[in-house]
Amino acid sequence: MSKAELFRAEAAKRILITDGAFGTMIQGYALDEAAYRGDVDTGFDQKGNNDLLALTQPGIIDEITRQYLAAGSDIASTNTFNANRISQADYGAEHLVRAMNLAAAGIARKAADDAQAADANRGIRRPRFVAGAVGPTNKTLSLSPDVNDPGFRAIDFDELKDVYREQVEALLEGGCDFILIETIFDTLNAKAGIMAVLEAGEARGEPVPLMISMTITDMSGRNLSGHSVEAFWAAVRHARPLTIGLNCSFGAPQLRPHVASLSGIADALLMVYPNAGLPNELGQYDEQAHTTGGFIAEWAATGLINVVGGCCGTTPDHIAAMAKAVNGHPPRALAVPPVRMVLAGLEPFVVAT
């Protein structure tokens, strides 16, 4: 049985749990620039380069990963949100991208395998999975960064696809089961990521299971490139993702109507991982774990989700509260959409038959 088949089999039995934020947890270690940099010397200040920690502070990333697994995560995601050449250019660390992804994937793989083995020693059969996290980069294909030149693009599709491809191949080589393209603010960026995953699968001679997660940038329920949740699904459904969903954006109450909309149309497993509420004036997240758990309990009780976890501001306590909240609730039944042509502009367009 492939990892994707095993994942679907587990998701048919119960609501699965993914992990929470790495950035929130890393902040708790109060690392200075020297701790971030370690033996790496690029001529740039490395403070804030969380992805580099897989190389310079692997024990911290391992510890955080294991805390989430102990809290109830079925999926360990890699600490590689910005481990791509575009984002790492800010730190002069483009040449370390492959090493970062290999190391981060290896940390997550070992932690997940150890958690699964520990369960087996207690007579518990519980598969643990590893998702290679791929962020959106800091460039957009759909919009111009120059207000005086609407046609200008800082990068083209093939360039971005190649950036994604480098990261994806290293994550897979490092032991990831799935590739998670997350926090998608530009649907065309997601298309480049999807193409990179498809090409990587062709090169490996086997399909690569894909997870796709959009982020909503305002209360209208659209991403930065203007697509509604429904239009976004129409634009990426061709990739037949293992999971589709939403992450980051807002807290659970603000996301709920959009989760419900996607739940009603998607014939894929639905994975949602919201922030721990909205940030305060200082950019901190005040929502307590039991509060988040209460919101997620309602989602589970109304059959909205297959996989749930946390994004910005969440901790292992939040994940433990979510795991407790969904326990005993049946997973969402996948939607069975009618056979029809659906095209995507900023809104979905249904071609009548």
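Parameters at a glance
- Residues numbered from 1 in each chain as written.
- Predicted model: local features only at pLDDT ≥ 70, side-chain atom pairs only at ≥ 80, totals over all residues.
- Heavy atoms only, no water.
- 1 Å grid on protein atoms, 1.4 Å probe; cavity = no way out; pocket = protein on both sides within 12 Å on 5 of 7 lines; lining within 4 Å.
- Points joined across faces, edges and corners; volume = space filled by probe spheres on them.
- Helix = DSSP H or I, 4+ residues; strand = E, 2+ residues; numbered from the N terminus.
- Expected span 1.5 Å × (residues − 1).
- Buried < 20%, exposed > 50% of the residue type's maximum accessible area, 1.4 Å probe, protein only.
- Contact = heavy atoms within 4.5 Å.
- Polar contact = N/O pair within 3.5 Å; in protein donor to acceptor, adjacent residues only side chain to side chain.
- Pairing = 2+ DSSP bridges.
- Phe/Tyr/Trp six-rings, centres within 6.5 Å; stacked < 30°, edge-to-face > 60°.
- Salt bridge = Lys/Arg side-chain N within 4 Å of Asp/Glu carboxyl O.

1. Looking at the layout of surface pockets
Roughly 870 Å³ of volume is contained in the largest pocket. Elements that contribute at least two residues to the lining of the largest pocket include exactly α2 (22-27), α6 (85-88), β4 (178-184) and β6 (243-248). Broken down by element, the residue count for the lining of the largest pocket peaks at five residues, all from α2.

2. Some points on helix α9 (residues 187-204)
At 3.6 residues per turn, the α-helix brings residues three or four places apart onto the same side. End to end, α9 covers 26 Å across 18 residues, agreeing with the expected 26 Å (1.5 Å per residue, within 8%). Here α9 has its buried residues at Thr187, Asn189, Ala190, Ala192, Gly193, Ile194, Ala196, Val197, Ala200 and Gly201. Buried residues along α9 sit against α8 (157-173), β4, β5 (210-214) and α10 (229-236). One side-chain oxygen at the N-terminal end of α9 lies 2.9 Å from the backbone nitrogen of leucine 188; it belongs to aspartate 186. Positioned one or two residues after α9, glycine 205 has a phi angle of 80°, which is positive.

3. Some points on the pairing of strand β10 (residues 348-351)
As paired elements, strand β9 (residues 341-344) and β10 share four bridges and run antiparallel to each other. Considered in β10, the bridge of leucine 343 is made with phenylalanine 349. What sits between the antiparallel neighbours β9 and β10 is a turn of three residues.

4. Digging into the sheet that holds β6
On the basis of which strands lie adjacent, the open sheet formed by eight strands has the order β1-β8-β7-β6-β5-β4-β3-β2 and parallel pairing. The open sheet is flanked by β1 (16-17) and β2 (75-77), the only strands paired with a single partner. Sheet topology places strand β3 (residues 129-134) next to β4; four bridges connect them, and they run parallel. Bridge pairing in β4 links alanine 131 to phenylalanine 178.

5. Description of empty space enclosed by the protein
For the structure on display, the rule yields one cavity of 30 Å³ or more. What the largest cavity holds in volume is close to 40 Å³. Along its surface, the largest cavity is lined by Val134, Gly135, Pro136, Tyr164, Ile181, Glu182, Ile184, Phe185, Asp186, Asn189 and Ala190. Within the residue set of the lining of the largest cavity, elements represented by two or more residues are β4 and α9.

6. With respect to the pairing of β6
Taken across its six residues, β6 has six buried, putting it largely inside the fold. For β5 and β6, the ladder comprises four bridges, and the chain directions are parallel. Bridge pairing in β6 places methionine 214 opposite leucine 246. Sheet topology places β6 next to strand β7 (residues 269-274); six bridges connect them, and they run parallel. Its bridge partner lying in β7, threonine 243 is registered against leucine 269.

7. Some words on the packing of aromatic side chains
Aromatic rings in a pair are described by how distant their centres are and how their planes are angled relative to each other. For the coordinates displayed, the defined rule picks out four aromatic pairs. Both rings, one in phenylalanine 7 and one in phenylalanine 129, keep their centres 5.1 Å apart while their planes meet at 80°; by these two values the pair is edge-to-face. Here phenylalanine 7 is found in helix α1 (residues 3-13), whereas its partner phenylalanine 129 is found in strand β3, with 122 residues between them in sequence. Note on accessibility: phenylalanine 7 and phenylalanine 129 belong to one class, buried. Three or more aromatic residues joined by ring pairs form one cluster here, namely Phe7, Phe129 and Phe178.

8. A closer look at the pattern of salt bridges
The tally for this structure, following the rule as stated, stands at 23 salt bridges. Between arginine 122 and aspartate 119 there is a salt bridge, with the nearest N and O atoms lying 2.5 Å from each other. A relative accessible area of 55% places arginine 122 in the exposed class. On the basis of relative accessible area, aspartate 119 is assigned to the buried category, the value being 4%. The residue arginine 237 makes a salt bridge to aspartate 267 at a minimum N-O spacing of 2.6 Å. Of this pair, arginine 237 sits in the loop between α10 and β6 while aspartate 267 sits in the loop between α11 (252-263) and β7, placing them 30 residues apart in sequence. Connected through shared salt-bridge partners, Glu10, Lys13, Arg14, Asp74, Arg125 and Arg126 make up one network.

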